[in-house]
Each structure stands twice: as C-alpha cells, then as structure tokens.
There are 2 protein chains.
Amino acid sequence: MAPRKLCMIPGPIEFHEDVLSAMATPATSHVDPLFVPVFGESIEMVREVVQTKVAQPFITSGSGTLGWDMMVNLLEAGDEVLVITTGYFGDHFAECLEVYGAKITFIRTEPGATATTEQIAEALAKTKFKMVTVTHVDTSTGVLSDIKSVAAQVKAASPETLVVVDGVCSVGSEEIKFDDWKLDIVITGSQKGLGVPPGLSIVIASQYALDVYKNRKSPVPVYYSNWNKWLPIMNAYEARKPAYFATPAVQLVYALHTSLKLILSQPIETRFKKHAAVAADFRQFVRGLGLKTVAQSEQGAANGMTAVWLPEGVEVAPLVSGLAGKGIQIAGGILQGLAGKYFRIGHMGISVMEDDRQHIQKVKEALSSSLAELGYKA
Amino acid sequence: MAPRKLCMIPGPIEFHEDVLSAMATPATSHVDPLFVPVFGESIEMVREVVQTKVAQPFITSGSGTLGWDMMVNLLEAGDEVLVITTGYFGDHFAECLEVYGAKITFIRTEPGATATTEQIAEALAKTKFKMVTVTHVDTSTGVLSDIKSVAAQVKAASPETLVVVDGVCSVGSEEIKFDDWKLDIVITGSQKGLGVPPGLSIVIASQYALDVYKNRKSPVPVYYSNWNKWLPIMNAYEARKPAYFATPAVQLVYALHTSLKLILSQPIETRFKKHAAVAADFRQFVRGLGLKTVAQSEQGAANGMTAVWLPEGVEVAPLVSGLAGKGIQIAGGILQGLAGKYFRIGHMGISVMEDDRQHIQKVKEALSSSLAELGYKA
C-alpha cells in the first residue's frame with residue numbers, strides 16, 4: 001500500500017496529533033456529564049474564532065454543505081437573493097438556495113477577480129434583497145472577498161438584508177469580526193481552518209438572523225436542517241444540559257473541542273497574521289517560479305490556500321502525481337472548463353502555525369522539483 | 001475528572017480498538033486513491049450486513065435522523081403513509097414525513113406491544129399507501145417488530161407500497177434479509193449495531209425504491225438530502241472513482257470500513273444468533289431479578305437492547321447514578337409520561353460478540369448491586 005501523503009489540499013488539512021487522539025475517544029454517551037460541557041464549550045469557542053459575543057453557533061453532524069442547506073430557515077418562496085460568486089462554490093450555493101425558492105441575482109466575476117463595489121451597488125439599487133451571499137474564500141479559485149466591505153455596503157443600502165458568508169474555506173484562517181462587521185450568517189465545516197476531520201457542519205447566526213427565522217410566515221419546509229429542532233439543542237448544551245434531537249457526532253465534537261483549544265491558546269489575531277504572512281510568502285514563491293496565481297490581486301488572494309495557473313506545457317495530472325510521488329497531496333482545479341489549467345494548494349492550520357513541521361517548505365521543494373521534472377524552467 | 005464509563009446504553013455502543021484507531025487516521029483527501037476503495041468497499045460491505053445483492057446504500061455525513069429526512073426523495077405532497085409505531089422513534093419519524101407532505105395513518109401500540117396483523121390488515125384495507133414505515137427496534141422501548149411478516153403482509157395486499165424500515169437500532173444486531181423479505185428501505189446510523197462512532201447516516205434503497213424516486217412527478221424539494229446529488233457519488237466511489245458533492249467524513253468512513261471488516265469476518269448469521277442468545281439470557285436475568293421488560297413478548301423483544309420497568313420504590317436517576325458509580329453507563333426511559341418508569345441497556349457489537357470483555361457480566365453485577373443498594377430485593 002502506498003504511504004500516506006501530507007495532505008496539502010485546501011481541506012481536509014493536516015490535523016494535530018491531539019485532535020486525532022480526540023477522534024479516538026472511546027464510546028461516550030451523548031448525554032454523559034463528561035461530554036455535555038465539551039459540547040457546550042465548543043459552542044462558546046466557535047464564537048471566539050469568529051469574534052462574536054452574541055451570535056448563535058449551530059454545530060451539527062454533516063458536511064459543510066449542510067450549512068448551505070440550513071439557509072432554508074431564513075428563506076421563503078420567492079425571496080430575492082443576491083449571490084456574489086467567485087467560483088464553483090458560489091455557484092453551487094446558489095443552486096441550493098434555488099431549491100428553497102430563492103430568486104437569484106448573480107454577480108459573477110471572471111476567474112480570479114472579486115466583485116467590485118460598482119457591481120454590488122448596481123445590484124442593490126435594482127432589487128430589495130432578502131439575503132446577499134458572498135463566498136469569503138472560494139476553494140475553487142483561492143479568491144478572497146472583502147466581506148467587511150461587502151457587509152458594510154449591503155447594510156448601508158438595506159439594513160434589513162441578511163449578509164450571509166460562506167466561510168467554509170475561511171473560518172480559522174481568515175480574520176472574521178462577526179459582530180463588528182455586522183454579519184448575519186457564517187457557514188463553515190470542520191475540516192479546513194478549524195483543523196478537525198470532516199463531518200461537522202458549523203453555522204453561526206446573528207440575533208437578527210434568528211429574528212428573521214422566528215418571524216417567518218411559512219413553516220420551515222425541511223426536517224433535518226430545521227432550526228426549530230437544533231436551536232433548543234444548542235441552547236441546552238451551552239447551558240450544560242443534555243438534550244436530544246439527533247445523536248451528535250461525539251468523537252468529532254471532542255476533536256473540535258481539542259482543536260479550538262489549540263487555536264485559542266494564542267490571540268486569534270496572531271493566527272490570522274501568521275496565515276497572511278505564510279500566504280504572502282507562498283505567493284511570492286509562486287511568482288518566483290514564474291507562475292501566476294488565479295487570484296488577480298494580493299488583497300483578493302486567500303490566506304489559507306493558493307490556486308496557481310499551470311505554465312504552458314505542464315499538465316495537471318502529472319504535476320499532482322509528481323508531488324504525490326514526493327509524499328505531498330495537492331489538488332487540481334475544479335472550475336468548469338478550466339479544471340485542467342491550474343492547481344490548488346492549502347496552507348492552513350498546523351501546516352502554517354507550526355513551522356517545525358516544515359510542511360510549507362516541503363510543498364515548495366516538491367513543487368519546484370516536480371515542475372523541473374516535467375520540463376518546466378522558471 | 002470522572003473516569004470514563006462503559007457505554008452500555010442502546011447506542012452509541014462500545015467501539016473496538018481498531019475502529020477507534022481508524023478514527024484517528026491522519027488527514028487524507030476525500031479523493032485520495034488510498035481512500036476511494038475504502039469508501040467503495042464500505043458500500044459493498046453494508047450490502048452484506050443487510051443481505052442484499054442489488055440494493056443501493058447511501059453513506060453520508062450526518063446523524064441517523066438524516067436517514068428519515070432522505071425519505072423526502074420518495075414522497076410527494078399528499079402521499080398516504082402508514083406509520084407502525086412502537087415508541088418515540090416511530091412517532092418522530094412520522095413527524096419528519098409530515099414535514100414533507102405525507103398524510104399519516106398511525107398504528108400505535110401500547111408500550112411494549114407490537115402491531116398485530118389484524119391492525120395492519122385493517123389499515124391496508126382502508127387506504128392505498130405510498131409507503132408503510134415500521135421501526136425494526138424502537139430504541140425507546142426495545143420492542144422488536146417482525147419486519148419480515150409486515151413486509152410480506154404489505155406486499156401481498158399492495159405490491160406498489162414501499163416498505164420502509166427504521167433500522168437505526170437493528171442493523172448489525174438483528175437479522176435483516178433485505179432482498180428475501182422484499183424490503184424497500186432500511187435506514188440506520190453508524191453508532192449502534194455497526195459499531196462506529198456517531199456521524200454517518202446509512203440508507204439502503206431497493207431498486208424499486210430508486211424507480212419510485214426516479215419517476216416522481218415533482219422535483220425533490222430539498223438540497224442536502226437529495227439523492228440526485230448523492231446517487232452519482234455512491235456510484236462513483238463504488239466504481240473506485242472519486243466524485244464530489246460534499247466532503248465525506250473520511251475518518252468515520254475509515255472507521256466504518258474497519259468495523260464492517262470485523263463484522264463480516266464471520267458469517268453474519270453467527271452474529272445475529274449470538275445477539276439473540278445474549279439478549280435472551282439478559283431478559284432471563286432481568287426476570288430473575290423479579291423485573292419485567294417493557295417488551296411484552298420474547299419474540300417481540302429486541303436482541304440488541306432491553307428496556308426494563310423499574311420496580312416499585314426505585315427511581316431512575318439514582319439507579320443510573322448507582323451504575324455510573326460502578327463504571328457503567330445505562331440510559332433512563334424516554335417515552336413521554338413514562339420516562340421515569342423504566343431504564344434501558346444496550347447489548348450490541350463487541351459487548352456481545354467478544355465474551356472476554358465481560359461487558360454483559362459487568363452490567364449484570366452492577367445492576368444487581370445498584371438495585372440492592374436502593375433497597376430493592378429480588
């Protein structure tokens with residue numbers, strides 16, 4: 001059997017040994033007094049990562065995609081939604097919202113670009129939106145959207161409009177000031193900046209978003225994603241009381257608790273600055289190889305991952321294989337029509353925060369030598 | 001901190017050390033050639049556990065409850081559904097189906113009883129049902145329904161009616177012959193008879209159920225639970241090709257693979273017979289204590305758990321605490337109005353199959369002495 005590779009895709013990321021040990025926690029009842037505070041504290045620590053005092057986290061068993069689904073709690077048939085998409089994930093989020101009756105207006109950017117304030121202003125002037133969604137980092141392109149400025153622009157034009165951030169590839173690796181920036185929803189999964197194996201969906205909702213949900217006119221038309229079911233559960237565990245709707249993924253919650261403790265063992269700004277520094281250095285390295293990032297600007301480039309256009313004459317499959325042969329797993333592209341034209345590398349979590357592991361150095365070396373082996377000269 | 005207790009509730013159950021090690025599998029991409037066959041083989045092994053050659057398993061990230069939600073793929077508004085409920089979980093399954101527009105007819109039994117053929121015949125004579133649901137083992141009561149005979153009765157009266165089995169507390173601990181018994185759906189979670197930590201939803205669908213889904217008139221009104229999304233993923237992984245809709249819970253799938261290998265390392269009949277023998281012995285032990293099981297008959301009693309009425313003068317909280325003090329976690333009741341009147345014990349998986357662990361013996365001893373400490377004399 002082939003040896004395990006260092007997982008340097010944009011999620012799942014490499015996991016800390018303590019997090020993996022927590023995954024192997026022996027059987028524990030979901031209502032055990034040992035587990036209840038672990039769940040409760042995890043809810044509280046999620047708040048700290050996105051810098052909110054008052055928003056409501058939902059930690060549920062499911063993929064990050066389940067977070068998209070939960071937007072059904074806020075939507076009613078015919079609601080106007082502006083989707084600012086910077087890649088594959090924005091497009092698919094819209095597809096999810098449409099299933100729940102949303103009427104979608106798109107702001108689409110060319111690959112690598114972010115939406116302009118003019119585009120957003122134009123859309124806001126035309127339509128009163130129930131919700132504006134923005135992908136903080138689109139994993140397909142490595143484009144970073146300025147959610148602070150998007151939220152400010154939306155709330156200035158229309159304070160009632162919900163600002164929904166897809167933070168699947170940003171929570172834990174990008175600065176988010178949930179309260180200060182007046183966000184309403186941040187959606188994420190466990191397996192990226194939070195450094196936990198996949199299997200938890202995490203959604204954080206502002207009190208305003210909860211009000212919109214509570215005052216909706218039609219019943220929430222789903223069962224598993226229904227906040228009527230989950231909100232009492234979150235409230236109970238945070239009050240250190242067990243409650244039951246569906247059996248929580250106990251071991252994943254232990255792992256989340258462990259990773260959040262590690263993340264919050266230093267100021268959260270330190271974490272974001274380190275991610276930004278490593279990302280800037282990595283992009284510099286990419287340019288040094290004579291390559292271009294998909295993200296078209298420095299401020300529009302993610303701090304937890306980088307997508308890079310392939311140089312002429314180099315194909316994605318042999319490059320990915322070349323790195324795999326050196327023990328490094330990277331990812332190809334996934335943008336429709338362009339999937340073969342670029343590759344993607346994750347730089348999040350312990351790979352960034354713990355220099356001694358030399359993960360980033362190993363990626364750089366493997367990338368340089370694999371490109372050389374494929375005949376590319378910088 | 002209190003020491004960990006042996007988890008003898010009716011799920012999550014105790015997990016094998018190899019399964020826990022698999023939970024700690026280091027980061028692996030969901031499209032890694034190492035992982036793809038693990039997922040593919042898991043799909044195939046799930047078939048073996050429920051003894052089907054042709055049905056389609058769906059293994060997704062979520063709680064067992066997500067399996068209920070997936071019934072939305074088969075339902076259209078106004079569909080008539082007969083729900084045979086033997087406890088809390090049957091009632092809540094109906095609540096889920098109602099959200100998706102089902103018109104529910106209930107067959108309710110008194111606590112501990114199973115539905116009679118007369119009740120079922122009467123219901124089938126009155127209404128043409130799209131679907132009949134039956135909880136194989138209701139975790140709230142430990143009642144075992146004879147799904148073979150229910151399915152035969154339903155299909156004899158109405159071959160088009162879908163037979164849907166909630167097998168959350170039965171798959172892996174109760175005999176299920178999916179094909180022979182002409183079942184259409186079996187729903188389960190990872191954390192009970194399959195011996196894997198919670199976080200995976202597993203649904204097995206007959207080819208007939210897939211036909212009903214494919215020929216539905218209205219679109220499936222949900223996103224995350226939508227088989228349009230999941231069926232191509234399951235087909236791809238089974239064909240040993242990666243595919244993406246939502247990031248699978250890689251570590252949980254490794255754990256499932258490990259547990260299924262252990263389960264299938266001996267003939268599956270051996271497993272079911274052992275569960276039946278241990279359960280019969282445990283009920284005998286309960287009677288020896290002068291106590292009554294909630295399940296009213298031997299053939300209507302689960303083989304993976306037992307619910308027991310408390311004797312006069314013994315309350316549930318001190319009994320659960322008493323056992324906890326002896327290192328054994330058991331569960332109280334959850335039937336509305338009766339929750340304080342009985343307790344529940346799980347006997348599934350390694351606790352049953354591996355005598356050397358002496359789990360059942362420890363439960364018996366702790367139960368006897370805790371009852372004695374509370375002043376109860378057999």
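Please read all numbers here as calculations on a predicted model, not as lab measurements.

Enquirer: What exactly am I supposed to notice about the relation of the copies chain B and chain A here?
Expert: Two copies of the chain are present, and they differ by a rotation about an axis and a shift along that axis. Laying chain B over chain A is done by rotating through 180° and shifting 0.0 Å along the axis; what remains is an RMSD of 0.0 Å. Read as a symmetry element, the transformation amounts to a two-fold axis. When each C-alpha of chain B is compared by its distance to the rotation axis, Gly62 of chain B comes out closest, at 2.1 Å. Mapped onto chain A, 100% of the interface residues of chain B again fall at the interface, so both copies present the same surface.

Enquirer: Just to check I follow, could you spell out the domain arrangement of chain A for this structure?
Expert: For interface size, the figure often reported is the accessible area lost on association. Residue and element names in this part refer to chain A. The domain architecture assigned to chain A consists of domain 1 (6-13 + 268-373) and domain 2 (18-263). On a C-alpha basis, the centroid separation for the pair domain 1 and domain 2 is 26 Å. Interface of domain 1 and domain 2: buried area, both sides summed, is about 2200 Å²; carbon and sulfur atoms make up 62% of it. Together, Arg271, Phe272 and Gln296 form the three largest contributors to the area buried by domain 1 at its contact with domain 2, with a combined 24%. If you look at where domain 1 meets domain 2, you find 0 salt bridges. On the surface where domain 1 and domain 2 come into contact, there are 12 residue pairs in polar contact (both at pLDDT 80 or more). Only helix H10 (268-288), strand E11 (305-309) and strand E14 (342-346) provide two or more residues apiece to the side of domain 1 that touches domain 2. Element by element, the count of residues in the side of domain 1 that touches domain 2 is highest for H10, at 5 residues. For the side of domain 1 that touches domain 2, the residue count by class is 17 nonpolar, 7 polar and 3 charged.

Enquirer: Can you walk me through the pairing of strand E8 (residues 162-166) of chain A in this structure?
Expert: In the case of a regular strand, side chains alternate between the two sheet surfaces. Residues and elements named next belong to chain A. Of all 5 residues making up E8, 5 are buried, and the element is well covered by its neighbours. Side chains Leu162, Val164 and Asp166 project from E8 onto one buried face, and the interleaved Val163 and Val165 project onto a second face that is buried too. Looking at chain direction, E8 and strand E9 (residues 185-189) are connected through 3 bridges and run parallel. Residue Asp166 lies in a different strand from E9, and its bridge partner there is Ile187.

Enquirer: Can you walk me through the UniProt feature "binding site: substrate" (unreviewed entry) in chain A in this structure?
Expert: Residue and element names in this part refer to chain A. Those residues carrying the UniProt feature "binding site: substrate" (unreviewed entry) are Arg344 in this numbering. Examined against the element boundaries, Arg344 turns out to sit in strand E14. Not counting residues within four places of it along the chain, the set of residues in contact with Arg344 comprises Met8, Pro10, Thr139, Ser140, Met305, Thr306, Ala307, Ile330, Ala331, Gly332, Gly333 and Ile334. Looking at Arg344, its side chain comes within polar contact range of the main-chain oxygen of Thr139, at 2.8 Å.

Enquirer: In this structure, what is going on with the interface of chain B and chain A? I would like to understand it.
Expert: Between chain B and chain A, the contact holds 57 residues from the first and 57 residues from the second. Across the chain B to chain A interface the summed buried area is about 4300 Å²; carbon plus sulfur atoms make up 64%. Our count for the chain B to chain A interface comes out at 4 salt bridges. Here chain B is connected to chain A by 20 residue pairs in polar contact (both at pLDDT 80 or more). At the level of secondary structure, the elements contributing two or more residues to the side of chain B that touches chain A comprise helix H1 (17-23), helix H3 (65-69), helix H4 (88-99) and helix H9 (250-263) of chain B. Considering every element that reaches the side of chain B that touches chain A, the biggest residue donor is H4 of chain B, with 6 residues. Residues of the side of chain B that touches chain A, tallied by class, amount to 35 nonpolar, 15 polar and 7 charged.

Enquirer: Would you mind going over the environment of Ser61 of chain B with me for this structure?
Expert: Here Ser61 of chain B lies in strand E2 (residues 56-61). Taking the relative accessible area as the measure of exposure, Ser61 of chain B reaches 3% and is therefore buried. A sequence separation of 187 residues divides Ser61 of chain B from Pro248 of chain B, and the C-alpha atoms of the two residues are 6.1 Å apart. Among residues more than four places away in sequence, those in contact with Ser61 of chain B are Ser61, Gly62, Ser63 and Gly199 of chain A together with Leu66, Gly199, Leu200, Tyr224 and Ala249 of chain B. In this structure the side chain of Ser61 of chain B is engaged in a polar contact, spanning 3.5 Å, whose partner is the backbone nitrogen of Ser63 of chain A.

About the thresholds
- Residue positions are given per chain, counted from 1 along the sequence in the order it is written.
- The lettering of chains begins at A and the numbering of ligands begins at 1, in the order of writing.
- Side-chain atom pairs in this predicted model are given and counted only at pLDDT of 80 or more, local residue features only at pLDDT of at least 70, and totals for whole chains, interfaces and linings cover all residues.
- Hydrogens and water are ignored here; the side-chain numbers use all heavy atoms of the structure.
- When the copies are overlaid, the least-squares fit takes in C-alpha atoms only where the residue has pLDDT of at least 70 in both copies.
- Note on definitions: a residue-residue contact is assigned when non-hydrogen atoms from the two residues lie within 4.5 Å.
- As used throughout, domain bounds are those supplied by an automatic or database domain assignment.
- Summed over both partners, the accessible area lost on bringing two parts together, with a 1.4 Å probe, is the buried area.
- Take a side-chain nitrogen of Lys or Arg and a carboxyl oxygen of Asp or Glu: if they are within 4 Å of each other, that pair is a salt bridge.
- The term polar contact refers here to a pair of N or O atoms within 3.5 Å; inside protein, the definition further demands a hydrogen-donor-capable atom paired with an acceptor-capable atom, and it admits residues adjacent in sequence only when both atoms are side-chain atoms.
- Strands here are runs of E lasting at least two residues and helices are runs of H or I lasting at least four, both read from the DSSP assignment and numbered beginning at the N terminus.
- Three classes are used: nonpolar for Ala, Val, Leu, Ile, Met, Phe, Trp, Tyr, Cys and Pro, charged for Asp, Glu, Lys and Arg, and polar for all others, with Gly counted as polar.
- For each residue, the accessible area found with a 1.4 Å probe, counting protein chains only, is set against the maximum for its type, and the residue is called buried under 20%, exposed over 50%, and partly exposed in between.
- Strands pair, by our definition, only if DSSP identifies at least two bridges between them.
- UniProt positions are given in the numbering used here, feature names are shortened, and annotations may be inferred rather than shown by experiment.

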